[in-house]
Amino acid sequence: MARLAVFSPVDSTGRVDAVVRRLADAIAVGLLADGEQLPSEAELAGRLGVSTVTLREALMALRQQGMVETRRGRGGGSFVRLPAELDPLARLRAFAADELRDFGDHYAAIAGTAARLAAERSLPSDVAPLWRTLDEMDAVAAAPETADSGEACARLRRLDGRFHIEVAAASQSARLTQEEIRLQADIGPLLWLPHEGLSGHDETAAQHRAIAGAVERGDGEQARAVAERHVLDATRHLIELRLRLRE
């Protein structure tokens, strides 16, 4: 469902920018994997509801950003290239505390609504990926030789984002899923900053499992409440970290 949302038609205005943003966000959060071949230009343009000329302009912009590589000849096409991860602390310094609070309010509303609708609409096949992702996060955190390494923390950040995107996808709303992907690309890596390593995983795992459990039980109001609290708690910790960076 999340990948279907990535390849659904874009808005009718500013289509080149919309295509660039849609694909760039999907690459940034890992929905499109490093080295993955994109559909052919004709197929991708058809899925996104744009002309091939518009799509080519968007792919050119993505190539300039280092997110897409085009190969010619047999076996050629456009391939995803995952850019180097920017320093999250450097990104955090670009935000003022009131901007982070505003982001958090918006994100909590999206996450809460997505979780409520997921509880009301999801099938068992929609819920299973949530538990798989949480089990994968537990496995990464349980490996003592890697849990506090930079690579493991980056993996936990990606899995955290994937979990929230899967919740949105379970809501059966393409627009909510697209908005979740956009927010994950914008602020998702920052929300994990105050919880790096094993201690961070322990603090968030209970809330993750409470969200998944409420979705599985079909308890929409509980799913909404826990999802909102999860985002608002993370935002509060992030604002505290941002203020400490001034010292």
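A.B. asks: Could you clarify how one ought to interpret the environment of proline 129 in this entry?
C.D. replies: By the element assignment, proline 129 lies in helix 7 (residues 124–142). Proline 129 sits 33 residues away from arginine 162 along the chain, and the two C-alpha atoms are 9.6 Å apart.

A.B. asks: What should I look at first to understand the side chain of serine 8 in this one?
C.D. replies: Mapped onto the elements of the fold, serine 8 is located in the loop between helix 1 (2–6) and helix 2 (15–28). Given the relative accessible area of 14%, serine 8 is considered buried. Of note is the side chain of serine 8, whose polar atom sits 2.5 Å from the side chain of glutamine 178. Setting aside residues no more than four positions away along its own chain, serine 8 makes contact with Arg22, Arg47, Leu48 and Gln178.

A.B. asks: Looking at this structure, I do not really get the pattern of salt bridges. What am I missing?
C.D. replies: A side chain of one charge can pair with a side chain of the opposite charge when the charged atoms of the two come close. Applying the stated rule across the entire model yields 21 salt bridges. By sharing partners, the salt bridges in this structure join Arg21, Asp25, Glu179, Arg182 and Asp186 into a single network.

A.B. asks: Explain the side chain of arginine 22 here, please?
C.D. replies: Along the chain, arginine 22 falls in helix 2. Engagement of the side chain of arginine 22 in a polar contact is seen with the backbone oxygen of serine 8, the distance being 2.7 Å. Here arginine 22 is in contact with Ala5, Val6, Phe7, Ser8, Pro9, Val10, Leu48 and Gln178, once residues within four sequence places are set aside.

A.B. asks: Would you take a moment to explain helix 3 (residues 41–48) for this structure?
C.D. replies: Working note: α-helix, 3.6 residues per turn, so residues spaced by three or four point in the same direction. Residues of helix 3 that are buried include every one of Leu44, Ala45 and Leu48, and no others. On an axial view of helix 3, the arc spanned by its buried residues comes to 100°, and they lie on one face. The outward face of helix 3, more than 90 degrees from its buried face, is lined by the exposed residues Ala42 and Gly46. In the core, the buried residues of helix 3 are packed alongside helix 1, helix 2 and helix 4 (52–64). Where helix 3 terminates, the next one or two residues include glycine 49, which has phi positive at roughly 75°.

Parameters at a glance
- Counting restarts for each chain: residues are numbered from 1 in the order of the written sequence.
- Where totals are concerned, whole chains, interfaces and linings use all residues; where local detail is concerned, this predicted model gives features only for residues with pLDDT of at least 70, and gives and counts side-chain atom pairs only at 80 or more.
- Each side-chain value is derived from all of the structure's non-hydrogen atoms; neither hydrogens nor water enter the calculation.
- Each helix is a run of H or I in the DSSP string that is no shorter than four residues. Each strand is a run of E no shorter than two, and both are numbered from the N terminus.
- Using a 1.4 Å probe on the protein chains alone, a residue whose accessible area is under 20% of its type maximum counts as buried, one over 50% counts as exposed, and one in between counts as partly exposed.
- Whenever two N or O atoms come within 3.5 Å, that pair is a polar contact, provided that in protein one can donate a hydrogen and the other can accept it, and provided that, for residues adjacent in sequence, both atoms are side-chain atoms.
- We call two residues in contact when some of their heavy atoms are within 4.5 Å.
- Between Lys or Arg on one side and Asp or Glu on the other, a salt bridge is scored when a side-chain nitrogen of the former is within 4 Å of a carboxyl oxygen of the latter.
- Directions from the helix axis toward the C-beta atoms define the arc.

Purely geometric stuff here, so don't read any function into it on its own.
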